[in-house]
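So you can see what is in the structure, the chains are spelled out below.
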Amino acid sequence: MTDNAYDDEYEFDVNAEIIEGDAEADTTLRPKNLDEFVGQPRVREQLHLVLAGAKKRNVTPDHILMAGPPGLGKTSLAMIIAHELGASLQLTSGPAIERAGDLASILSNLVDGDVLFIDEIHRIARPAEELLYLAMEDFRVDVIVGKGPGAMSIPLEVAPFTLVGATTRPGALTGPLRDRFGFVAQMDFYEPEELEHIVYRSARILGVSIDHPACDEIAGRSRGTPRIANRLLRRVRDFAEVRGDGHVDRSTTRAALIVFDVDAVGLDRLDRAVLGALVKSFGGGPVGVSTLAVAVGEEPATVAEVCEPFLVRAGMLARTPRGRIATARAWRHLGLIPPPELTIHEIETHLDDTFGSS
Ligand code: ADP
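In this text the structure is predicted, and so the values were computed from the model without any measurement.

Participant: Talk me through the nonpolar core; I want residue IDs and the actual numbers.
Facilitator: Residues Leu 47, Ile 64, Met 66, Leu 77, Val 164 and Ile 210 are the most contacted members of the largest nonpolar core, which totals 68 residues. Among the elements that line this core, the one with the most residues is helix α11 (residues 226–243), at seven residues. Apart from the residues lying within four places of it in its own chain, the contact partners of Ile 64 are Leu 47, Val 50, Leu 51, Ile 81, Leu 163, Val 164, Gly 165, Phe 181 and Phe 183. Ranked by size, the runner-up nonpolar core spans 23 residues in total, among them Ala 128, Tyr 133, Met 136 and Leu 173.

In structure tokens form, the structure reads like this:
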């Protein structure tokens, strides 16, 4: 198997990487309704219409899929959906559903109008996925009892429910599963002003004294991700309380983020290790993600799903069919001179963007 073929097939648990320690703060900071949810205006508007329409017709809304990198608010939105519908939320995740029976028991315990949230839905086991098709479409499941020629299929009714699936890899969902969602919310990285707003809101909830320049500084280093913004705020608060008088301003923030290894554009130690390996060990690429992951001692899924989306968005890494490539900006970010062909490519792209390609 080639490295790139493997790239499409890796399957590791990235959750360990993306769920962080301060779970209590995470819960407190979650927005409770659509009005408190900052940013993602399109998704918010679309979701509002889907929910309001269903409420008006007095039916359960279509099943909803939320796609996007970790930490952008998918779980929060699932909670908000249940809240807006006045429904109970049942939470599970793809990796927790190993057998069809696991899912059958979750489904048979649902009550009318429940919202079932399945995180990492792309990782659900195949037999369970097939059971889910029927449940999503007809609100019933066929449970197989016994084995061999004596096996019997017993149809079980499922209470009408709304499935909310979340995935960091929408492309990994099978076609039949994707087709059964009536609405797909594509979550995008947040704009700096939106993150600034989130930091300010979180600081108020946590009782942190912070000024606007500090919020702006944290927002600019949060890689477009609310979970990271909240995490940086908590680390800066630690620093301000231990080394200062507790007030957070821009200079305290900068000093704290040096200690916590977050650079001026928000890259952390792992992001820099990935770029460093790509540039220094592989001459800028192309190289497959699994080779890159081995070089930095990480799981391929962590590199592909946690580091890369932001590195691509920051214009430092390109994903090509032949592997990952460092851009001229990445070389410069590491304090190195990019190879001439990258610089020429950069100038050509800039000219195309400015004057259009003929
Ligand atoms: P995901 O499920 O996409 O990994 P979460 O819903 O768990 O992301 O969000 C992570 C944290 O980020 C939440 O605890 C919440 O505090 C914060 N958060 C996410 N999106 C928003 C938002 N739009 N407004 C305010 N806080 C947010």
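Participant: Could you give an account of the packing of aromatic side chains, with specific residues and numbers?
Facilitator: Under the counting rule described, the total for this entry stands at two aromatic pairs. With a centroid separation of 6.1 Å and an interplanar angle of 80°, the aromatic rings of Phe 189 and Phe 310 are classed as edge-to-face. Of the two residues, Phe 189 sits in the loop between β7 (183–186) and α9 (192–206) while Phe 310 sits in helix α15 (residues 300–313), which places them 121 residues apart along the sequence. Residue classification places Phe 189 among the buried positions, given a relative accessible area of 12%. Of the residues examined, Phe 310 reaches a relative accessible area of 9% and is grouped as buried.

Participant: Tell me about the packing of helix α6 (residues 100–108) against helix α7 (residues 126–138), residues and numbers included.
Facilitator: Between α6 and α7, the least distance of the axes is 7 Å, while the angle of their chain directions is 30°. With respect to their mutual orientation, α6 and α7 come out roughly parallel. The residues of α7 that touch α6, namely those facing Ala 100, Leu 103, Ala 104 and Leu 107, are Pro 127, Ala 128, Leu 131, Leu 132 and Ala 135. Among the residues forming the contact of α6 with α7, the class breakdown is nine nonpolar, no polar and no charged.

What counts as what
- Residues numbered from 1 in each chain as written.
- Predicted model: local features only at pLDDT ≥ 70, side-chain atom pairs only at ≥ 80, totals over all residues.
- Heavy atoms only, no water.
- Core = buried A, V, L, I, M, F, W, Y, C linked by side-chain atoms within 4.5 Å.
- Buried < 20%, exposed > 50% of the residue type's maximum accessible area, 1.4 Å probe, protein only.
- Helix = DSSP H or I, 4+ residues; strand = E, 2+ residues; numbered from the N terminus.
- Contact = heavy atoms within 4.5 Å.
- Phe/Tyr/Trp six-rings, centres within 6.5 Å; stacked < 30°, edge-to-face > 60°.
- Axes fitted to C-alpha atoms, helices over the stretch in contact; angles between N-to-C directions.
- Parallel < 35°, antiparallel > 145°, perpendicular 65-115°, else oblique.
- Nonpolar A, V, L, I, M, F, W, Y, C, P; charged D, E, K, R; others polar.

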